[in-house]
Amino acid sequence: MTDRRSARAARVVEALTENHLDALLVTGRANIRYLTGFSGSSALLLVTARDSVLITDFRYQTQVSDEVGDLVRIRVEATSLWDGLWAELGHFHGRAVIGFGSAHVTHREFQRFLDDAAGARWQWRPQGDIVEALRESKDVDEVALIRHAAGMATRALSNTLQQVRSGLTELEVAGILEKALRDEGSEAHPFETIVASGPRSALPHARASGRAIERNDLLLLDFGAEHGGYCSDVTRTVVVGHASDDVRAVYDIVRVANERASSAVRAGMTGASADAIARDYISAAGYGEDFGHSLGHGIGLEVHEAPRLARTAAAKLLADTVVTIEPGIYRPEWGGVRIEDDVYLSADGPRILTDFTHELLELSA
Ligand code: ZN
Ligand code: ZN
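None of the values given here were measured: they were computed from a predicted structure.

Rules of the game
Residues numbered from 1 in each chain as written. Chains lettered and ligands numbered in written order. Predicted model: local features only at pLDDT ≥ 70, side-chain atom pairs only at ≥ 80, totals over all residues. Heavy atoms only, no water. Axes fitted to C-alpha atoms, helices over the stretch in contact; angles between N-to-C directions. Helix = DSSP H or I, 4+ residues; strand = E, 2+ residues; numbered from the N terminus. Parallel < 35°, antiparallel > 145°, perpendicular 65-115°, else oblique. Left-handed = near helix turned anticlockwise from the far one by under 90°. Contact = heavy atoms within 4.5 Å. Nonpolar A, V, L, I, M, F, W, Y, C, P; charged D, E, K, R; others polar. Domains from an automatic or database assignment. Buried area = accessible area lost by both parts, 1.4 Å probe. Salt bridge = Lys/Arg side-chain N within 4 Å of Asp/Glu carboxyl O. Polar contact = N/O pair within 3.5 Å; in protein donor to acceptor, adjacent residues only side chain to side chain. Donors = N, O, S within 2.8 Å, 3.2 Å for Na, K, Ca; no water. Tetrahedral: all angles 85-135°; square planar, octahedral: opposite > 155°, others 65-115°. Buried < 20%, exposed > 50% of the residue type's maximum accessible area, 1.4 Å probe, protein only. Phe/Tyr/Trp six-rings, centres within 6.5 Å; stacked < 30°, edge-to-face > 60°. 1 Å grid on protein atoms, 1.4 Å probe; cavity = no way out; pocket = protein on both sides within 12 Å on 5 of 7 lines; lining within 4 Å. Points joined across faces, edges and corners; volume = space filled by probe spheres on them.

J.: In this structure, what is going on with the packing of helix H9 (residues 245–264) against helix H10 (residues 271–284)? I would like to understand it.
T.: Axis angle and axis distance: for two packed helices, these are the angle between their axes and the distance between the axes, and together they describe the pair. Interaxial distance between H9 and H10 falls to 8 Å at its minimum, and their mutual angle equals 155 degrees. For the element pair H9 / H10, the angle class is roughly antiparallel. H10 is crossed by H9, and the crossing has right-handed handedness. For the pair formed by H9 and H10, the contact residues are Ile253, Val256, Ala257, Arg260, Ala261 and Ala264 on the first element and Ile277, Ala278, Tyr281 and Ile282 on the second. Its residues placed into classes, the contact of H9 with H10 shows 9 nonpolar, no polar and 1 charged.

J.: I'm lost on the domain arrangement of the protein in this one. Help?
T.: Interface size is commonly expressed as the accessible surface area that is lost when the partners come together. Domain assignment breaks the protein into domain 1 (5–134) and domain 2 (137–363). Using C-alpha coordinates to define each centre, domain 1 is positioned 35 Å away from domain 2. Opposite the 5 residues of domain 1 that make contact, domain 2 presents 9 residues. Note on domain 1 versus domain 2: buried area summed over both sides is about 550 Å², and carbon and sulfur give 48% of it. Along the contact surface separating domain 1 from domain 2 lie 2 salt bridges. Seen at the junction of domain 1 and domain 2, the total is 1 residue pair in polar contact (both at pLDDT 80 or more). Examining the composition of the side of domain 1 that touches domain 2, we find that 3 residues originate from one element, helix H2 (residues 29–36), more than from any other. Residues belonging to the side of domain 1 that touches domain 2 are distributed by class as follows: 3 nonpolar, no polar and 2 charged.

J.: How do you make sense of the coordination of the zinc ion (ligand 1) when you look at a structure like this?
T.: The reference angle at a metal is 109.5 degrees if four donors form a tetrahedron and 90 or 180 degrees if six donors form an octahedron. Around the zinc ion (ligand 1), the protein contributes the donor atoms Asp222 (OD), Asp222 (OD), Asp233 (OD) and Glu340 (OE), which lie 2.0 to 2.6 Å from the metal centre. Around the zinc ion (ligand 1) sit 4 donor atoms, and with donor-metal-donor angles ranging over 54 to 150 degrees the site reads as irregular. Sequence positions of the donors to the zinc ion (ligand 1) reduce to the motif D-x10-D-x106-E. Separating the zinc ion (ligand 1) from the zinc ion (ligand 2) is a distance of 3.2 Å, and Asp233 supplies a donor atom to each of them. With a gap of 107 residues between them, Asp233 in the loop between strand S10 (230–231) and strand S11 (234–240) and Glu340 in the loop between strand S16 (335–338) and strand S17 (341–346) connect regions that are remote in the sequence. Residue Glu340 is classed as buried on the basis of its relative accessible area, which comes to 0%.

J.: Whenever I open this one, the packing of aromatic side chains confuses me. Can you help?
T.: Within a pair of aromatic rings, the relevant descriptors are the distance that separates the centres and the angle that separates the planes. Enumeration according to the criterion identifies 10 aromatic pairs in this entry. When the ring of Phe38 is compared with that of Tyr60, the centres are 5.4 Å apart and the planes differ by 90 degrees; the resulting orientation is edge-to-face. With Phe38 in the loop between H2 and strand S2 (43–48) and Tyr60 in the loop between strand S3 (52–57) and helix H3 (61–68), the pair connects residues that are 22 residues apart, well separated along the chain. Its relative accessible area of 1% is what places Phe38 among the buried residues.

J.: Would you mind showing me how to read the layout of surface pockets here?
T.: Here the idea is plain: a probe the size of a water molecule rolls over the atoms and shows the empty space left. Roughly 360 Å³ of volume is contained in the largest pocket. Lining the largest pocket are 20 residues; nearest its centre among them are His205, Asp222, His297, His304 and Glu326. Elements with a contribution of two residues or more to the lining of the largest pocket: strand S12 (296–298) and strand S13 (305–309). Here the second largest pocket is characterised by a volume of approximately 270 Å³. The element contributing the most residues to the lining of the second largest pocket is H2, with 3 residues. The residue makeup of the lining of the second largest pocket, split by class, is 3 nonpolar, 3 polar and 4 charged.

Written out as structure tokens, the structure is:
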């Protein structure tokens, strides 16, 4: 682990030179965890060619030394992390250029760079996604963590579906599922669990509600597990009772769209061409208008990260990324079907990490 983190830091130092920076201030939590292993919520990481320093507060004194060891210098601040930062920057001359991840600095923090007597001494330059770009390709340890999180999610789903009956509310099902995820050892819910039944399954990002599941309802569950900081993200749609021919027909289109995309997606193709594999199939079946979101997204330390698999995604997919494949069809009033898997784009082709049937399950109501 230590070696991988050092190699990552070395690549950030190369990026300093490429971007004509004297230092990079990293404030995004996932980026800090990626570079140092620190999982706390309050930290600033300053990377320079000479060394790196992680500034955190008193609450994390023990945790930071456990997680980071002597990989980088650690500074525990009693008052404000920013005071620690100004002190660390003290040895830089006034014209020094400090980069910062523009996606992670609030406007208030940026004002502080410009206004604080200390912060105003240096030149601040917003940077795009230097660390995020490094995170896009996963190493074998990261893929193993995501695979483990995917296994937790699919086992929790099997366990949950055995308990689902009509009459339970969506919130009750979410509770059963989240308990099952915790029982599997999931460290957190990477995003708010979606449980949507009947007509509510037509809302792609429905929150679980107090609606009671009715006999023969569609039931859509979208959820994830977290292991070692890495996320999984799974969706399955089932019927609580018997599926009508109409439901079966729509389900089959989504299932085939998922399977075509999951087996054909490759590193080297653009995110747009990956998206088109599923979208063209759904459109040819007459449901193009009802697939209103993109095909998928990268997953890792965050549940939504680079790359994007979408109509507008011109960037090529890199080898060793892990992405979701999640086509869906949503018909207002009627309901929706989505089937989402996590897929590792290995050099030898796609590997599905979420091992769970694509057959339409009809639960006993
Ligand atoms: Zn999802
Ligand atoms: Zn997703």
